[in-house]
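# Notes for the structure review
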Amino acid sequence: MRKVILHYHLFKNAGTSLDAAFKENFKGDEWVTQEFPGNLKQNREQVAQWIQDNPQAKVFSSHTAYLPPPKLEGIKVLPVIFMRHPIDRIASAYAFETKQGGDSFGAVLARNTDLSGYIETRLALPHDRQCRNFHMQRLAMMFGEKQGDEFTRAEKALGTLPFVGIVEQFADSMARLETWLREHGFKDIQLKPVEKNVSRDINKALKEKLKEFEQRISPEVFSKLMDANEYDSTLYEVLLKRYYSQ
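Now for a quick tour of the structure.

## Examining the nonpolar core
It is characteristic of soluble globular proteins that their nonpolar side chains tend to be buried jointly. In this structure, Ile51, Ile119, Leu139 and Phe213 are the most contacted members of the largest nonpolar core, which totals 60 residues. What Leu139 contacts, discounting residues up to four positions off in sequence, is Leu67, Ile81, Met83, Arg153, Ala154, Ala157, Leu158 and Leu161. Ranked by size, the runner-up nonpolar core spans 21 residues in total, among them Phe26, Val167, Phe170 and Leu181.

## Looking at the packing of aromatic side chains
What the rule picks out here adds up to 10 aromatic pairs. Ring plane angle 70 degrees and centroid distance 5.7 Å describe the contact between Phe11 and Phe96, whose orientation is recorded as edge-to-face. With Phe11 in the loop between strand E1 (2-8) and helix H1 (15-25) and Phe96 in helix H3 (residues 86-99), the pair connects residues that are 85 residues apart, well separated along the chain. The pair Phe11 / Phe96 is uniform in exposure class, with both members buried. Through pairs of rings, three or more aromatic residues link up here, namely Phe82, Phe163, Phe170 and Trp180.

## Brief notes about the sheet that holds strand E4 (residues 75-83)
With parallel pairing, the five strands of this open sheet are ordered in space as E2-E3-E1-E4-E5. Because the sheet does not close on itself, it has two edges, and the strands there are strand E2 (31-33) and strand E5 (164-166). Adjacent strand axes in the sheet meet at a mean angle of 25 degrees, parallel and antiparallel pairs treated alike. Docked against the sheet, H1 engages E1, E2, strand E3 (59-62) and E4, running at close to 155 degrees with respect to E1. This element, helix H2 (residues 40-53), spans E1, E2, E3 and E4 of the sheet and lies at about 135 degrees to E1.

## Notes on the pattern of salt bridges
Throughout the structure, instances matching the rule amount to 10 salt bridges. The salt bridge involving Glu30 is made with Lys58; its shortest N-O contact spans 3.5 Å. Taken as a pair, Glu30 in the loop between H1 and E2 and Lys58 in the loop between H2 and E3 lie far apart in primary sequence, 28 residues in all. Under the relative-accessibility criterion, Lys58 is labelled partly exposed at 34%.

Calculation notes
Residues numbered from 1 in each chain as written. Predicted model: local features only at pLDDT ≥ 70, side-chain atom pairs only at ≥ 80, totals over all residues. Heavy atoms only, no water. Core = buried A, V, L, I, M, F, W, Y, C linked by side-chain atoms within 4.5 Å. Buried < 20%, exposed > 50% of the residue type's maximum accessible area, 1.4 Å probe, protein only. Contact = heavy atoms within 4.5 Å. Phe/Tyr/Trp six-rings, centres within 6.5 Å; stacked < 30°, edge-to-face > 60°. Helix = DSSP H or I, 4+ residues; strand = E, 2+ residues; numbered from the N terminus. Pairing = 2+ DSSP bridges. Axes fitted to C-alpha atoms, helices over the stretch in contact; angles between N-to-C directions. Salt bridge = Lys/Arg side-chain N within 4 Å of Asp/Glu carboxyl O.

Taken by themselves, the reported measurements are silent on function.
What follows is the structure in structure tokens.
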């Protein structure tokens, strides 16, 4: 059976660093990337077709591919996804979008407002998930709505997906990922934890970064943000407990 890696490259979750490590192992068109429409049905159909249409590829990476991984005859898809502390991810997203060029909504907003304004604006938009339980939404797509509310489905996804790394434990997560992929046929893979597309000082402890973040915004905005990411924070704690119990 053909085995392929499908990297769900979530925005500001160390995906560029992971892809750099993959590219060290898979040359040329063995590593491929593509983006997909927001419509669930079209997204999943096109992701499945993408894998089938690229028989030479061993690693597929996309920011916009939706869970669950496709089930294909003769092909075993190995899903890889990373999760990050939700508040630190938002800080990193803002830092990145203030520096990047382009005219995307996030980039234009970040360049024209401070961190508080960026957060308040995005929280005011009902369908914008960049600053509101971002991970929960993406993980919940693993299961249909009949299987519970968004949090229930996201928590179930954490328990079902074979590999979920933690950005704050990147080097160790990469070592675990390497072991898992070797067990599934990628015998010679070596994943070096390189640092790519880093927006902020990665040498600071998470606690220190979160304290600095809180000091940069108003207490009212910070309170709103914490409320808006309550479920993501719980999911992160669930993942941490599972991670350290293994």
